[in-house]
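The lines below spell out each chain.
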Amino acid sequence: MSALRPYRAILLALALLALLPVLFTTGTVRNFLVFTLIVAIAAQGWNLLGGYGGQFSFGHASFFGTGAYAIAILQARAGLNPWLALPVAVALGALAGAVIGTLAFRARLRGSYFALVTLAFAEVLRIVANVLPITGGAAGTLIRLNVDPLNFQFADRAQFYWVALVFLGAAMVLVRALERGRFGARLVAVRENEDAARALGVDVLRVKIVAITLSAAITAVAGCLYAQNFLYLDAAIAYGPWISVEALLAPIIGGLGTVFGPLIGALVLHGLGELTKGWIGALTGGSVPGIDLVLFGVLLIVTVGFAPRGILGLVARFRARAA
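Residues numbered from 1 in each chain as written. Predicted model: local features only at pLDDT ≥ 70, side-chain atom pairs only at ≥ 80, totals over all residues. Heavy atoms only, no water.

Draft legend 1. Fine view of the overall build of the protein chain. Counting secondary structure elements, the protein chain contains 15 helices and two strands. Since a compact globule built from 323 residues should have a radius of gyration of about 20 Å, the 19 Å found for the protein chain is in line with a globular shape. Its C-alpha atoms give the protein chain principal-axis dimensions of about 55 × 45 × 45 Å. Looking at the protein chain residue by residue over its 323 residues, the buried ones come to 49%. Within the protein chain, counting contacts between residues at least 6 apart in sequence, those at least 24 apart form 77% of the total. Summed over its atoms, the accessible surface of the protein chain is roughly 15,100 Å², and 69% of this surface lies on carbon and sulfur atoms. Counting 23 positive and 12 negative side-chain charges, the protein chain places the averaged centre of each group 9 Å from the other. (Helix = DSSP H or I, 4+ residues; strand = E, 2+ residues; numbered from the N terminus. Rg over C-alpha atoms; globule rule 2.2 N^0.38 Å. Buried < 20%, exposed > 50% of the residue type's maximum accessible area, 1.4 Å probe, protein only. Contact = heavy atoms within 4.5 Å. Areas by Shrake-Rupley, 256 points an atom, 1.4 Å probe, with all protein chains shown as cover. Lys, Arg positive; Asp, Glu negative; His and termini not counted. Charge placed at Lys NZ, Arg CZ, Asp CG, Glu CD.)

Written out as structure tokens, the structure is:
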């Protein structure tokens, strides 16, 4: 039992989250929950690199899109079962992370330079995917509908939610294990001061490349789930800036460098986004495109200005004052 002690909070949170589809049976709420979990997984991947490693990326769409396109193409073009295509897609996403990380970190790019390079890679991949025949070009890639759990398609949205929850739980457990191990300590040391970490014998380049590879693999899982959920992809969806923004915002708002930060941030972002769209729709009698993005911007400004450690940091501060 002592070995499970560091993971008790994660297991409890997963058990509570597993009850949500039982409590909320409408399709709208279940679709919201599924999409929120997908974003939370992508955010967990970003958090490993940006929150723990201090390497802020603006282009995690590169890994999300690679995973999504890979699992879609392997099904649509090669006829491979999606459960078998999944590990291949995740491996390709990790490979994309390793390649981009090697090129960027060997060039000693840091800070805004690294962020802009990752953004550039995502844009290049979006443009390439928009013209390649294998991706379907501008028309995109459509996954054939074949509702069967063995085909990674479920008639009940709750079943897909629970599958996504298992992947989120695996990502959280992995991050917790890394956080408690030597690699986590080295990653935090690199985040705090690369030169000091190097002087202490840490292989900074290797640590950063491993971090971006693992980060890319987790984000590729989110891409795979997105493809299986919507059964359609195009370049603007797979490699669009929307997922890079949301994967970045969720940990910042929830709490950088924490296991629960990405999940809390994703729930808050999309929960408030849906409430705001519903409220604005009730007032105006119609939808206002982009209102959720305005809300995301406001939340980011408020978080950076008043709670730089995110919601979890704010809670910890209040608990310390109360104590």
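Draft legend 2. Up close: the pattern of salt bridges. Applying the stated criterion to the full structure yields nine salt bridges. Note that Arg-110 is salt-bridged to Glu-194, the shortest N-O span being 3.2 Å. Residue Arg-110 is located in the loop between helix H5 (82-106) and helix H6 (111-129), and its partner Glu-194 is located in helix H9 (residues 194-199); the two are separated by 84 residues in the primary sequence. Here Arg-198 makes a salt bridge to Asp-195, at a shortest N to O gap of 3.3 Å. With Arg-198 and Asp-195 both in helix H9, this residue pair falls three residues apart, about one helical turn. Residue Arg-198 is classed as partly exposed on the basis of its relative accessible area, which comes to 36%. You can call Asp-195 partly exposed: its relative accessible area is 48%. (Salt bridge = Lys/Arg side-chain N within 4 Å of Asp/Glu carboxyl O.)

Draft legend 3. How the structure looks around the environment of Trp-242. When you line up the elements, Trp-242 lands in helix H12 (residues 241-254). Sequence-wise, Trp-242 and Pro-262 are 20 residues apart; in three dimensions their C-alpha atoms are separated by 16 Å. Within the local environment of Trp-242, its side chain forms a polar contact with the backbone oxygen of Ile-237, the two atoms lying 2.8 Å apart. (Polar contact = N/O pair within 3.5 Å; in protein donor to acceptor, adjacent residues only side chain to side chain.)

Draft legend 4. Summary view of the packing of aromatic side chains. A full pass over the atoms with the stated rule returns 14 aromatic pairs. Judged by centre distance (6.1 Å) and plane angle (75 degrees), the rings of Phe-154 and Phe-160 are edge-to-face. Three or more aromatic residues joined by ring pairs form one cluster here, namely Phe-35, Phe-64, Tyr-226, Phe-230 and Trp-242. (Phe/Tyr/Trp six-rings, centres within 6.5 Å; stacked < 30°, edge-to-face > 60°.)

Draft legend 5. Layout of the packing of H5 against helix H10 (residues 204-230). Between H5 and H10, whose axes approach to 7 Å, the crossing angle comes to 145 degrees. Of the two possible hands of crossing, H5 and H10 adopt the one that is right-handed. Judged by residue contacts, Pro-82, Leu-86, Ala-89, Val-90, Gly-93, Ala-94, Gly-97, Ala-98, Gly-101, Thr-102, Phe-105 and Arg-106 of H5 engage Leu-205, Lys-208, Ile-209, Ile-212, Thr-213, Ala-216, Ala-217, Ala-220, Val-221, Cys-224 and Gln-228 from H10. When the residues that make up the contact of H5 with H10 are grouped by side-chain class, the tally is 15 nonpolar, six polar and two charged. (Axes fitted to C-alpha atoms, helices over the stretch in contact; angles between N-to-C directions. Left-handed = near helix turned anticlockwise from the far one by under 90°. Nonpolar A, V, L, I, M, F, W, Y, C, P; charged D, E, K, R; others polar.)

Draft legend 6. Focus on the environment of Ala-70. By secondary structure assignment, the location of Ala-70 is in helix H4 (residues 61-76). Note: C-alpha distance between Ala-70 and Gly-223 (153 residues apart in sequence) is 9.2 Å.

Draft legend 7. Local environment of the nonpolar core. In terms of nonpolar packing, the biggest core is built from 93 residues, with Tyr-69, Tyr-161, Leu-168, Leu-225 and Leu-233 touching the most fellow members. Every residue in contact with Leu-225, bar those within four places of it in the chain, is listed here: Ile-38, Ile-41, Phe-152, Phe-160, Ala-164 and Phe-167. (Core = buried A, V, L, I, M, F, W, Y, C linked by side-chain atoms within 4.5 Å.)

Draft legend 8. Fine view of a nonpolar patch on the surface. A grouping of Leu-12, Leu-16, Leu-19, Leu-23 and Phe-24 is seen on the molecular surface, where their side chains present a nonpolar patch of about 530 Å² in accessible area. In this structure, Leu-23 sits in helix H2 (residues 20-23). Overall, the relative accessible area of 61% leaves Leu-23 in the exposed class. (Patch = residues over 30% accessible without salt bridge, like charges linked within 9 Å, V, L, I, M, F, W, Y side chains within 5 Å.)

Draft legend 9. Highlighting the environment of Thr-213. Within the secondary structure, Thr-213 sits in helix H10. The contacts of Thr-213, once residues within four sequence positions are left out, are Ala-94, Gly-97 and Ala-98.

Draft legend 10. Fine view of the side chain of Arg-176. Along the chain, Arg-176 falls in helix H7 (residues 157-180). Classification of Arg-176 as buried rests on a relative accessible area of 17%. At a separation of 3.3 Å, a polar atom in the side chain of Arg-176 contacts the main-chain carbonyl oxygen of Pro-6. Not counting chain neighbours up to four residues away, the residues in contact with Arg-176 comprise Pro-6, Tyr-7, Ile-10, Val-259 and Phe-260.

Draft legend 11. Focus on the side chain of Lys-208. Within the secondary structure layout, Lys-208 lies in helix H10. Apart from the residues within four sequence positions on either side, Lys-208 is in contact with Leu-49, Gln-55, Phe-105, Val-190 and Glu-194.

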